[in-house]
Amino acid sequence: QRGYHHRTEINKKIYRIGKAAKEDPNNAMTENDLTEKGITPMGGFSHYGEVNQDWVMVKGTVMGCRKRLITLRKSLLPQVSRK
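Along each chain, residues carry numbers from 1 onward, in the same order as the chain's sequence is written. Residues qualify for local features only when their pLDDT is at least 70, as the model is predicted, and side-chain atom pairs are given and counted only at 80 or more; totals for whole chains, interfaces and linings, by contrast, use all residues. Each side-chain value is derived from all of the structure's non-hydrogen atoms; neither hydrogens nor water enter the calculation.

This next bit is on the overall build of the protein chain. Secondary structure elements follow DSSP: runs of H or I no shorter than four residues count as helices, runs of E no shorter than two count as strands, and numbering proceeds from the N terminus. Counting secondary structure elements, the protein chain contains 1 helix and 2 strands. Counting from the amino terminus, helix and strand elements in the protein chain follow one another as α-β-β. The C-alpha atoms of the protein chain give a radius of gyration of 16 Å, which is well past the 12 Å a tight globule of 83 residues would have. Counting only C-alpha atoms, the protein chain reaches 40 × 40 × 20 Å along its principal axes. Partly exposed describes any residue whose relative accessible area lies between the buried limit of under 20% and the exposed limit of over 50%, with all areas from a 1.4 Å probe on protein chains only and scaled to the type maximum. Across the 83 residues that make up the protein chain, the buried fraction comes to 10%. In this setup the radius of gyration rests on C-alpha atoms only. A globule is expected at 2.2 Å times the number of residues raised to 0.38.

Rendered as structure tokens:
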């Protein structure tokens, strides 16, 4: 039962943090891509639907179900370079 209650991984890179669709309907616009669009694609994400709340775009995968809560915190390990 531990995996269900504690979803932990080390050093996930956060690409983007966005507001809810009600607050910012064009939340997927960037400085380079000026097309007015939201984060939800046409028809919604498969097996999920539309994104209505605040969202975080993370590099890679996150284990578990699509709608399960994820807790993010600062890394315990210092960021060092091996060079």
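Once you've had a look at it, read on.
This part is about unusual backbone geometry. For H47, which is not a glycine, the phi torsion comes out positive at approximately 60 degrees. Tracing the sequence through the fold places H47 in the loop between strand 1 (14-18) and strand 2 (55-58).

Mapped onto the secondary structure, G38 falls in the loop between strand 1 and strand 2. Sequence-wise, G38 and Q79 are 41 residues apart; in three dimensions their C-alpha atoms are separated by 33 Å. Contact between two residues is taken to exist if any of their heavy atoms lie within 4.5 Å; hydrogens are not considered. What G38 contacts, discounting residues up to four positions off in sequence, is P25, N27 and A28.

Our focus in this paragraph is the environment of D33. Along the polypeptide, D33 turns up in the loop between strand 1 and strand 2. Overall, D33 belongs to the partly exposed group, its relative accessible area being 28%. Sequence separation between D33 and G18 is 15 residues; the distance between their C-alpha atoms is 16 Å.

What follows deals with the side chain of N27. Mapping N27 onto the fold places it in the loop between strand 1 and strand 2. A residue is classified by how much of its surface remains accessible, and N27, at 7% relative accessible area, is buried. N or O atoms closer than or at 3.5 Å make up a polar contact, with two conditions inside protein: a donor-capable atom paired with an acceptor-capable one, and, for residues adjacent in sequence, both atoms drawn from side chains. Reaching out from N27, the side chain makes a polar contact with the backbone oxygen of K19 at a distance of 3.0 Å. For N27, the contacting residues outside a window of four places in its chain are R16, K19, A20, A21, K37, G38, I39 and W55.

This part is about the confidence of the model for the protein chain. Detailed conclusions should not be drawn from predicted coordinates in areas where pLDDT is low. pLDDT: the predictor's confidence for each residue, scored from 0 to 100. On average, the protein chain scores 82 in pLDDT, and the residues at 70 or more come to 90%. Within the protein chain, helix 1 (residues 2-5) has the poorest average pLDDT of any element, 60, and strand 1 the best, 89.

Moving on, we get to the environment of G49. Its place among the elements puts G49 in the loop between strand 1 and strand 2. A residue is classified by how much of its surface remains accessible, and G49, at 24% relative accessible area, is partly exposed. Spatially, the C-alpha atom of G49 lies 20 Å from that of K59, the residues being 10 residues apart in sequence. Ignoring any residue separated from it by four or fewer positions in sequence, one finds G49 in contact with T40 and G44.

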